[in-house]
Amino acid sequence: MKKIKVTKATREINQETLKEKKKNLMIFCGIVAAVLVLSFVFMVVEASQKYKLHIVNNTSKNITQLQLLFSSDETNYSSDVFFNSAIGAGEEINTEFPKFPLMGTNSGLISKTFFEGEEGVLNDNGVFYTNFSGKITIEFTEDEAGVITMSIKAKEGKGSLSTFCDEEQVMEFAQK
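Keep in mind that what you see is a predicted model, and the values were worked out from it rather than measured. (Residues numbered from 1 in each chain as written. Predicted model: local features only at pLDDT ≥ 70, side-chain atom pairs only at ≥ 80, totals over all residues. Heavy atoms only, no water.)

1. Observations concerning the packing of aromatic side chains
Note on aromatic pairs: each is described by the distance of the centres and the angle between the planes. Following the criterion strictly, the structure yields 1 aromatic pair and no others. A ring pair is formed by F115 and F140, whose centres lie 5.4 Å apart and whose planes are at 90°; its orientation type is edge-to-face. On the criterion of sequence distance, the pair formed by F115 in strand β5 (residues 107-115) and F140 in strand β7 (residues 135-142) is long-range, its members being 25 residues apart. With relative accessibility at 1%, the residue F115 sits in the buried group. (Phe/Tyr/Trp six-rings, centres within 6.5 Å; stacked < 30°, edge-to-face > 60°. Helix = DSSP H or I, 4+ residues; strand = E, 2+ residues; numbered from the N terminus. Buried < 20%, exposed > 50% of the residue type's maximum accessible area, 1.4 Å probe, protein only.)

Here you go:
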């Protein structure tokens, strides 16, 4: 068997190759660490994200209470009252409420609105096909005849097209 003689030139080439491998390994480890840190940051942001609710009252009546019910195929999640004081005519409110663990597909939104001096009106507002993580805007308008219309729009925070909650409904109050 023939012995391989290591010369000074081959030793230098081997050390350069070893240095290059170490450099590539350090770059790879840095990229992996950056990806892990960014993943953690995104998970924390998503966990702390809350639903946003924007209510606009362009009517001549005060809204005394608003309740939302999210219903999925498996579970219903009812909300508490989102505000304790009335929203007067021409006023608006911005608030947040915690995420409900909707089960993904076919989750619906139902609202119950109470105007001052009226009984609550229940409306079926729309459907979500994935977990909702955005903003709900509800606007109440009143025409010259005193008919109140509720417009509701739910937007995903990430811009996906999985929300079909873009309704306009006339509020019908029980006759007294």
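2. Looking at the pairing of β5
In terms of residue burial, β5 counts as a mostly covered element, since 7 of its 9 residues are buried. Pairing of strand β2 (residues 63-71) with β5, which is carried by 8 bridges, proceeds in the antiparallel orientation. Its bridge partner being in β5, L66 is matched across the sheet by T113. One ladder, built from 7 bridges, connects β5 with strand β6 (residues 121-128); its direction is antiparallel. Across the sheet, the residue bridging to S111 is N123, located in β6. Here β5 hands over to β6 after 5 residues, with G117 in that stretch at a positive phi of 80°. (Pairing = 2+ DSSP bridges.)

3. Re the side chain of H54
Summarising the element assignment, H54 is placed in strand β1 (residues 51-58). Assessed through its relative accessible area of 12%, H54 is described here as buried. Among the polar contacts listed, one links the side chain of H54 to the side chain of E92, at a separation of 3.3 Å. Within the local environment of H54, its side chain forms a polar contact with the side chain of N94, the two groups lying 2.3 Å apart. Other than its neighbours up to four places away in sequence, H54 contacts E92, I93, N94, K135, I136, T137 and I138. (Polar contact = N/O pair within 3.5 Å; in protein donor to acceptor, adjacent residues only side chain to side chain. Contact = heavy atoms within 4.5 Å.)

4. Section: the confidence of the model for the protein chain
For residues with low pLDDT, the predicted coordinates do not support detailed interpretation. For the protein chain, per-residue confidence averages 76 on the pLDDT scale, and 65% of positions sit at 70 or higher. Looking at the elements of the protein chain, mean pLDDT is at its lowest for strand β3 (residues 76-78), recorded as 58, and at its highest for β7, recorded as 87. (pLDDT = per-residue confidence, 0-100.)

5. Thoughts on the nonpolar core
In this structure, L53, L68, L109, I136, I138 and F140 are the most contacted members of the largest nonpolar core, which totals 22 residues. Sorting the residues of this core by element identifies β1, β2, β5, β6, β7 and β8 (148-155) as the ones contributing at least two each. Other than its neighbours up to four places away in sequence, I138 contacts L53, H54, I55, V56, L66, L68, M150, S151 and I152. (Core = buried A, V, L, I, M, F, W, Y, C linked by side-chain atoms within 4.5 Å.)

6. Quick look at the pattern of salt bridges
Counting across every chain of the model gives 1 salt bridge. With its nearest N and O atoms 2.9 Å apart, the salt bridge here joins E118 to K61. Of this pair, E118 sits in the loop between β5 and β6 while K61 sits in the loop between β1 and β2, and the two are 57 residues apart along the sequence. Relative accessible area serves as the criterion here: at 22%, E118 is assigned to the partly exposed category. (Salt bridge = Lys/Arg side-chain N within 4 Å of Asp/Glu carboxyl O.)

7. A few points about the side chain of S111
By the element assignment, S111 lies in strand β5. On the basis of relative accessible area, S111 is assigned to the buried category, the value being 1%.

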